[in-house]
Structures are given as structure tokens and as C-alpha cells.
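Overview (structure and organization)
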Amino acid sequence: MKKRLVLFLLVCIGLTSGTLFGQDKLGIIRHNHLAIHVKDVAKSAIFYRDVMGLKPIPVPDNLKAIRAWFDLGDGQQIHLMDGRTEQITHDKNGSHFALFVADISKAEQYLKAQNIPFHKQVRFDGVVQVYFSDLDGYLFELNEGKKLTPGS
């Protein structure tokens, strides 16, 4: 009898709170895409493809002139939307986009070779960070992803 009462109470709590048997809050499960407004989608698309090395994703024919989509991996994307008229000013202590890279030293060497200005710093926990802007002033923070060691 006691077990039935406990089970009954758990079911009632679960049904009323939404936490045991359903979604509580919005139910977000992962990031899909980030859409940013750019001044010239064609020029920005070249930067994201050739400089950042992102893979283009097909855009519907009716949007090709005003959109460019890029794959970040794991189902995540960056969407470029044409027509921005205002200046973008991002700051490492404010708005910025953070991405993992395989090797921060190689990323830094690449930015130097491309003559792309950047800021390098060591975070409070010893992680090296590199910041650079795209053509529109959107700021990107690069961090090195954890390297897997044998047995991990």
C-alpha cells in the first residue's frame, strides 16, 4: 500500500510539474544556427568559406542572392543575411562568437599568414584565446578544444 501511495504521488508531481513525464521550460536540446546581418553577402561568403574554412550549405534558389549558409559541424550553422547598413562593433568583453579549434597555435599562424589582425590572451584558467573580426566587425573568439589522449 505504501509503495502504491509513493508511486501515485510521484505520478501526480510529475504530471503537474512537467519534469518527470514531459518537458519543463522550453525544452531546448541543442544549438541550430546563428544568423548575422552582413553588408555584402557575396564578399562575406568568400571570407567565411575561404578564410574561416567553413563548408557552404545549399540555400534555396529564391534566397541565393541575399543569403549564404555555412556548416560548423554537428548540425550547427552560421547564416549570413544580406543588407546590413549599420556599423557592427563587437568587443571581447561584450558580444562575440566563441568557436573551438583543433590547434590554437596553428589558428594563430594561419591568421598571421592571412594578415588578419587579432588579439591573443591567456584566460584566467590558462586557456589561450585568439580574437579576430570578420569583414563586418563581428568578433570571433577561438579556443582550443580539448585534445584527446589515448585511453580518454
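Residues numbered from 1 in each chain as written. Predicted model: local features only at pLDDT ≥ 70, side-chain atom pairs only at ≥ 80, totals over all residues. Heavy atoms only, no water.

**Comments concerning the overall build of the protein chain**
Formally: Secondary structure elements follow DSSP: runs of H or I of four or more residues count as helices, runs of E of two or more count as strands, with numbering from the N terminus. By definition, residues are in contact when any of their heavy atoms lie within 4.5 Å. Using a 1.4 Å probe, accessible areas were evaluated by the Shrake-Rupley method; residue-level cover was limited to the displayed protein chains.
Of regular secondary structure, the protein chain possesses 3 helices and 8 strands. Each helix and strand of the protein chain, ordered N terminal to C terminal, gives the series α-β-α-β-β-β-β-α-β-β-β. Across the protein chain, contacts joining residues at least 24 apart in sequence account for 55% of those joining residues at least 6 apart. For the protein chain, the accessible area works out to roughly 10900 Å², and carbon and sulfur atoms hold 59% of it.

**Looking at the environment of Ile-78**
Selection criterion: The rule is simple: take the accessible area with a 1.4 Å probe, protein chains only, and divide by the maximum for that residue type; under 20% is buried, over 50% is exposed, in between is partly exposed.
Within the secondary structure, Ile-78 sits in strand β4 (residues 76-82). Here Ile-78 falls in the buried class, since its relative accessible area comes to 1%. Sequence-distant contacts of Ile-78, that is, excluding residues within four places in its chain, are made with Leu-34, Ile-36, Tyr-48, Leu-54, Ala-68, Trp-69, Phe-70, Leu-72 and Phe-140.

**Regarding the confidence of the model for the protein chain**
Predicted coordinates in areas of low pLDDT are best not read in detail. As a reminder of what qualifies: You can read pLDDT as the predictor saying how much it trusts each residue, on a scale of 0 to 100.
Per-residue pLDDT for the protein chain averages 84, and the proportion of residues at 70 or more is 81%. Across the protein chain, element-level confidence peaks in strand β2 (residues 55-57) with a mean pLDDT of 97 and bottoms out in helix α1 (residues 2-17) with 46. The low-confidence segment residues 4-16, where pLDDT is below 50, has 8 contacts with residues more than four positions distant or belonging to other chains. In the model, residues 148-152 has pLDDT below 50 throughout and makes 0 contacts with residues more than four positions away in sequence or in other chains.

**Quick look at the sheet that holds strand β7 (residues 128-133)**
Within a beta sheet, neighbouring strands are joined by backbone hydrogen bonds and run either parallel or antiparallel to one another. Here is the rule: We call two strands paired when DSSP finds no fewer than two bridges between them. All axes here are fitted lines through C-alpha atoms, helices being fitted over the stretch that makes contact, and every angle between N-to-C directions spans 0 to 180 degrees.
Judged by pairing direction, the sheet is mixed, and its 4 strands sit side by side in the order β5-β8-β7-β6 without closing on themselves. Edge positions in the open sheet fall to β5 (97-101) and β6 (118-122), since each of these has one partner strand only. Neighbour to neighbour, the strand axes of the sheet diverge by 25 degrees on average, direction disregarded. Packed onto the sheet, helix α3 (residues 104-113) meets β5, β6, β7 and β8 (139-144) and runs at close to 145 degrees relative to β8.

**Quick notes on the pattern of salt bridges**
The condition that has to hold: What makes a salt bridge here is a side-chain nitrogen of Lys or Arg within 4 Å of a carboxyl oxygen of Asp or Glu, nothing more.
Applying the stated criterion across every chain yields a total of 6 salt bridges. A salt bridge links Asp-61 to Lys-64; its shortest N-O distance comes to 3.1 Å. Where Glu-108 meets Lys-120, a salt bridge forms, and the shortest distance between an N and an O atom there is 3.0 Å. Separated by 12 residues along the polypeptide, Glu-108 in helix α3 and Lys-120 in strand β6 bring together distant segments of the chain.

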